[in-house]
Every structure is written in structure tokens, then in C-alpha cells.
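Survey of secondary and tertiary structure
The chain contents come next:
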Amino acid sequence: MFLTLWNIHRFHADYAALDGFDPDTSPKGRVAPLDKWVLSRLQQIVLATTNQFEEWNFHKACRDIEDFIVNDVSNWYVRRSRRRLWDEGDSEDKLACQHTLHKILVTVSKLIAPVSPFMADIIHRNLEGSSVHLADWPVEGNIDSKLLESMELVRELAETGRKIRVDAERRQRLPCAEGWIVAGPDLSAFHEILADELNVERISLEEDLDRFQQIEVHPNRRTLGAKCRQDLPAVLQGITAGDSESMLASIDAGNLVIVGYEITSDDIELRRVEKTGFAAETIQSADGSSVSLVLDMQDTPQLLSKGLARDITRRVQAARKDLDLAIEDNITLEVWIMDAPELFNSDQEWITSETRASNAAFHIGEGNGESFEVDGATVWYSVTAA
């Protein structure tokens, strides 16, 4: 936990220094739903930690703080907020994020001071200019339970989306054209977050799951075994190879015959499956209702280009880290692509912007430098400090 907390502190401090952020004088900005959620979670932790410390349950308090720092702040809030801090100007969204991070770090430093006095004091002095051991103990504020439940569902849907991709053998960085949320509470305030997390171009609401599903006819081996006996393999083959819609119509009309045997509704099983090009999963929300997530699995040249751009960007960002470059440092980037889908100009520009490349060149064919393969394509790239 402590390394994660320190990294969050450095992340905030680096961007605050770049932007000249001052918690006392900088405007508060426009608080986003993501900010409201993490601040509400912070109040939960303040309340729980206070009660646990008063009951001498220090180990429980520390576990809750660790879970908050690692899973809620680092793995969700900071990861989902990085792009907000990349704006060159002082946008209201960026300012709200800075103030939120400052409040989280100051409050957590107070909560951990009894069990980690030195690190807590360093963080508090860096942010507030005074010792944490002279500061007042935090008092819990408003806790928005409905907001917390909504975000919990959003995070479950994000995890469900990753499972859908794994089951469909679709890599995480290859975008989907669209995703649909079927039933459940209104999550429209978090559609942008969820679309980015799921790597889909847009998220829509859908009331009818039948739009994405179809009925498949499967043989009922128990009843068919008693009816067909030695001819069972041929009957099973006939049902398996048949068109489900046509067989259902014939069964309803009473005239479905396979290898001389009349097939009735007792001889089949009906299963609902996703139509070709879609993949779905259903989960339970906090109120017990079912919520389904459906992803469009069909590819287009535009999606393949964006997927390749994301893979290239990830490798280049790792190379920036290996070079120990500062956030604001520029690079010179050269990329070679072979046996790959077309990388559109708009995605080349996106790579250039995301990696802070002051000079970037993209070539077709074998190249130099580091390389990687993805979906049969080979990519070489060279990164140097500008």
C-alpha cells in the first residue's frame, strides 16, 4: 500500500507543479461524478477507520485503508482521471481532479498517521506545509449510498466486459463499435467512463435483450434415445445440422420428420444464444435485478486501425518510461509496420499526440529497433529523446 500511496502522491505533486496548482487559491472547478464517488468513498473510510481505531481494531482499519488506496484510488480513480490532467490549460474538470486528489491525500495521511507516522508526516508536510501530528482528526461527511452502488455496478460491468473479450478471444486494445446495457438502473452519468473502460466507441441503453439473441434447437437425448434407439446418431445429426427456425415452425405444424421419426417439442431443448457478431453476459445488481452487457464483436478497418494504434502507443509509452523522461519531455518516434491493417492518418496523429512526439514518421515494411507482433502484424519502433 505504501508504495502505491507514495506513487499517487508523486503523481499529484508532479502535475500540480506543472500547472501551478494551489489548493488554497486555485478555483474549485466543476466536480465530476467520478470525483463525487471517490469523495463519498473517502467519507466511508473516515467513518470506518474512526470506529475501528476507537475499538482498537487497527488491523481492520489498515486493511480498509489499503483497499481504498489500491483498488479505489489507484486502480480506478487515478487511472480513470489521467487524461483529465493532460489538458494544457486549467480546465474546470482538471481543477476539480486536482482538488479531489489533494483532499484524498491529506485525509489519508491523517488516517494512517497513528500507524505510519513518518510517511504520513512527509506527505502532509509536502501538501499542507505542516506536520500531520498537529492536524485535527478528520470528521466524516456526506456519504451518497446511491452513487456508491451505481459505481459498483459500473465497475462490475467493466470487469464483465473484460470477461466477454477473453471468452470471445478478442484482445483488450481492439475497440468494439458499440456496447449496450440492457435493464438495470440509470448509469448514463458514467457512460463515458464505461465506454473508455470497455474500449467501445459508444455505450447505449437497450430494453430488449431479444434483439441480440436467437433460439437454437438442441436434441433431447433422453427422449430421443427411447424413441429412436439404433437410429439415434442419424436423428441427432439431422437436428444438429438443421435450421432452428425452420425446425420450430415444422414442430408447431406437427410435420417435422427426421429419418422416419416424428420430432415433437418433447424431443428438443431450446437454448437462447447471442446472434453472430454479438457477445453478452448477465450480472446481478445490488437490488437483485439482472443487468446484461452486450458487445458488438464485428470488425471494421477503422476499428482495426485504432486497435493497432493503441498497441503501438502502449509500447512507446513503456519506452518513454525506460528512458526516464519527464512528463513534459518530447520524443522523436519512428514506426515501421508489416502485414498489418491500414493505420489511418487520424490514428497516426493520435499516437503522436499521446506519446508527446515532436517528430514522428510511419513506414510500411521491415524496420529497426524494438519490435512486437499482434494479430499476425509485426511492428518495429524507435524512440529517442527529442
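Residues numbered from 1 in each chain as written. Predicted model: local features only at pLDDT ≥ 70, side-chain atom pairs only at ≥ 80, totals over all residues. Heavy atoms only, no water.

This part covers helix α6 (residues 145-168). With 24 residues, α6 ought to run about 34 Å at 1.5 Å a step, and its terminal C-alpha atoms sit 35 Å apart, in line with that. For α6, the N-terminal capping position is held by Asp144, with its side-chain oxygen 3.3 Å away from the main-chain nitrogen of Lys146. Downstream of α6 by a residue or two, Glu169 has a phi angle that is positive, lying close to 55°. (Helix = DSSP H or I, 4+ residues; strand = E, 2+ residues; numbered from the N terminus. Expected span 1.5 Å × (residues − 1). Polar contact = N/O pair within 3.5 Å; in protein donor to acceptor, adjacent residues only side chain to side chain.)

The N-to-C vectors of helix α2 (residues 33-54) and helix α3 (residues 58-81) enclose an angle of 170°; their axes lie 9 Å apart at closest approach. The orientation of α2 relative to α3 falls into the category roughly antiparallel. The residue makeup of the contact of α2 with α3, split by class, is 14 nonpolar, three polar and seven charged. (Axes fitted to C-alpha atoms, helices over the stretch in contact; angles between N-to-C directions. Parallel < 35°, antiparallel > 145°, perpendicular 65-115°, else oblique. Nonpolar A, V, L, I, M, F, W, Y, C, P; charged D, E, K, R; others polar.)

Below, the discussion takes up the sheet that holds strand β1 (residues 179-182). Within the open sheet, the four strands sit side by side as β2-β1-β8-β7. Their pairing is mixed. Two strands close off the open sheet at either side, each with one partner strand: β2 (203-206) and β7 (278-284). Neighbour-to-neighbour, the strand axes of this sheet turn through a mean angle of 25°, independent of strand direction. As paired strands, β1 and strand β8 (residues 290-296) are joined by four bridges and run antiparallel to one another. Pairing of Val182 across the sheet is with Ser292, part of β8. Across the sheet, α6 touches β1, β7 and β8, and the angle it forms with β7 is around 140°. In this fold helix α7 (residues 191-198) packs onto β1, β2 and β8, with an angle of close to 110° to the strand it touches most, β2. (Pairing = 2+ DSSP bridges. Contact = heavy atoms within 4.5 Å.)

Here we take up the packing of helix α8 (residues 221-228) against helix α9 (residues 232-241). For the pair α8 and α9, the least separation of the axes is 9 Å and the interaxial angle reads 135°. As judged from the angle between their axes, α8 and α9 are oblique. Helix-helix and strand crossings are classified by hand; for α8 and α9 the assignment is right-handed. Counting all contacts with α8, which are made through Arg221, Leu224, Gly225 and Cys228, the residues of α9 involved are Leu232, Val235, Leu236 and Ile239. Taken together, the residues of the contact of α8 with α9 break down into six nonpolar, one polar and one charged. (Left-handed = near helix turned anticlockwise from the far one by under 90°.)

A few words now on the side chain of Ser292. Turning to its location among the elements, Ser292 is positioned in strand β8. At a separation of 2.7 Å, a polar atom in the side chain of Ser292 contacts the side chain of Thr282. Those residues in contact with Ser292 that sit more than four places away from it in its chain are Trp180, Ile181, Val182, Leu209, Glu281 and Thr282.

Fair warning: the whole summary comes from geometry, so function is off the table for now.
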